[in-house]
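# Summary of the model geometry
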Amino acid sequence: MKIIAGNWKMNLSLEEAIFLSENITSSKKNEIILFPPSLYALKVKEIVSEKNIKVGVQNIFYEDFGAYTGEISCMMVKSSKLDYVLIGHSERRKYFFEDDIIINKKLKSAIKHGLKVILCVGETLEERKIGNHFEVVKNQVLSSIEGIDNFNSIAIAYEPVWAIGTGINAKPEDANEMHKFIKDIVNVKILYGGSVNEKNAYELLSQEYIDGLLIGGASLNYISFNKIIEISENI
Ligand code: PGA
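This structure is a prediction, so every number in the text was calculated from the model and none was measured.

## Re the pattern of salt bridges
Going through the model one piece at a time under the given rule, you end up with eleven salt bridges. A salt bridge links E91 to K9, with the nearest nitrogen and oxygen atoms 2.8 Å apart. In this pair, E91 is assigned in helix α4 (residues 90–95) and K9 in the loop between β1 (3–7) and α1 (14–23), connecting sequence segments 82 residues apart. Its relative accessible area of 25% is what places E91 among the partly exposed residues. K183 is the partner of D211 in a salt bridge, and the nearest nitrogen-oxygen pair spans 3.0 Å. Of this pair, D211 sits in the loop between α9 (201–205) and β8 (212–215) while K183 is found in helix α8 (residues 172–185), placing the two residues 28 residues apart along the sequence.

Pasting the structure below:
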């Protein structure tokens, strides 16, 4: 079973989010997950629940409740009957200064509340240029999972920062090599993310160690997203 996840980031009006949710097709074979802005998550869940599509949030704070203005917790996500949480996306690391210590706390909170997690890791262009990418990703993975011994509810998304939103996806064989490297550290499903579209999805999904895709831009258009779902059905 492959995982096809759409990360809508901070995009779409409520009307547009409803339209998109109504038009996304279900899969008989694979797991489809949507990560809308959290304000829309319950509405999206209501729309797609009949279609066996899972819904998650793009971020959480690690405390359960309290004086943390603007945050939502895993307890809230769980009590809203949502399924997934995305943790450690590179945009969270870059714009909101999340480091591996924070990410580790978030991961522990998600596991405590029985949520499924997609943990994001990936190197920057500078790190790849100097050949440091394996070391960087290894450190991100190891520090994020420190103190965790049950990986049943975790998947990892390898998202090279230089590939996100740039139109330049990692070469499928390079992504595959990194996925194998990560799987040797922790044996979970590994998704690829970074400029995935309906043109490169087949080749990426055909790689031995690519267990799914985390899609940003192309998940905002139901025609492209459905096409990628269709491609995943035929792998
Ligand atoms: P992209 O984003 O598909 O627009 O490159 C992927 C992501 O950030 O999850």
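Having seen the structure, we can now continue with the description.
## Thoughts on α8
For α8, built from 14 residues, the straight-helix expectation of 20 Å at 1.5 Å per residue is met to within 8% by its first-to-last C-alpha distance of 20 Å. Turning to α8, its buried residues number three or more, namely P172, A175, N176, M178, H179, I182 and K183. Down the axis of α8, the buried set is contained in an arc of 165°. They therefore lie on one face. Buried residues along α8 sit in contact with β5 (116–121), α7 (133–144), β6 (154–158), β7 (189–193) and α9.

## Thoughts on the layout of surface pockets
Computed from the structure, the largest pocket encloses a volume of approximately 500 Å³. Lining the largest pocket are 19 residues; nearest its centre among them are M10, Q58, N59, R92 and F96. Considering each element in turn, the lining of the largest pocket owes the most residues, three residues, to α4. By volume, the second largest pocket is sized at about 230 Å³. Forming the boundary of the second largest pocket are 20 residues, of which K9, G165, S195, G216 and G217 lie nearest the centre. Across the lining of the second largest pocket, the residue classes tally to seven nonpolar, eleven polar and two charged.

## A word on the packing of aromatic side chains
Tallying each qualifying case throughout the model produces six aromatic pairs. A connected cluster of aromatic rings, assembled from ring pairs, spans F61, Y62 and Y68. One Lys or Arg, R92, reaches over the ring of F96 and ends 4.1 Å from the middle of that ring.

## Re the packing of α7 against α8
One can describe the packing of α7 onto α8 by two numbers: an axis separation of 10 Å at closest approach and a directional angle of 40°. As for how α7 packs across α8, the hand of that crossing is right-handed. Contacts between α7 and α8 involve H133, F134, V137, K138, V141 and L142 from the former and E177, M178, F181, I182 and I185 from the latter. Split by residue class, the contact of α7 with α8 holds eight nonpolar, one polar and two charged.

Analysis parameters
Residues numbered from 1 in each chain as written. Predicted model: local features only at pLDDT ≥ 70, side-chain atom pairs only at ≥ 80, totals over all residues. Heavy atoms only, no water. Salt bridge = Lys/Arg side-chain N within 4 Å of Asp/Glu carboxyl O. Helix = DSSP H or I, 4+ residues; strand = E, 2+ residues; numbered from the N terminus. Buried < 20%, exposed > 50% of the residue type's maximum accessible area, 1.4 Å probe, protein only. Expected span 1.5 Å × (residues − 1). Arc of directions from axis to C-beta. Contact = heavy atoms within 4.5 Å. 1 Å grid on protein atoms, 1.4 Å probe; cavity = no way out; pocket = protein on both sides within 12 Å on 5 of 7 lines; lining within 4 Å. Points joined across faces, edges and corners; volume = space filled by probe spheres on them. Nonpolar A, V, L, I, M, F, W, Y, C, P; charged D, E, K, R; others polar. Phe/Tyr/Trp six-rings, centres within 6.5 Å; stacked < 30°, edge-to-face > 60°. Lys NZ or Arg CZ within 6 Å of the ring centre and 35° of its normal. Axes fitted to C-alpha atoms, helices over the stretch in contact; angles between N-to-C directions. Left-handed = near helix turned anticlockwise from the far one by under 90°.

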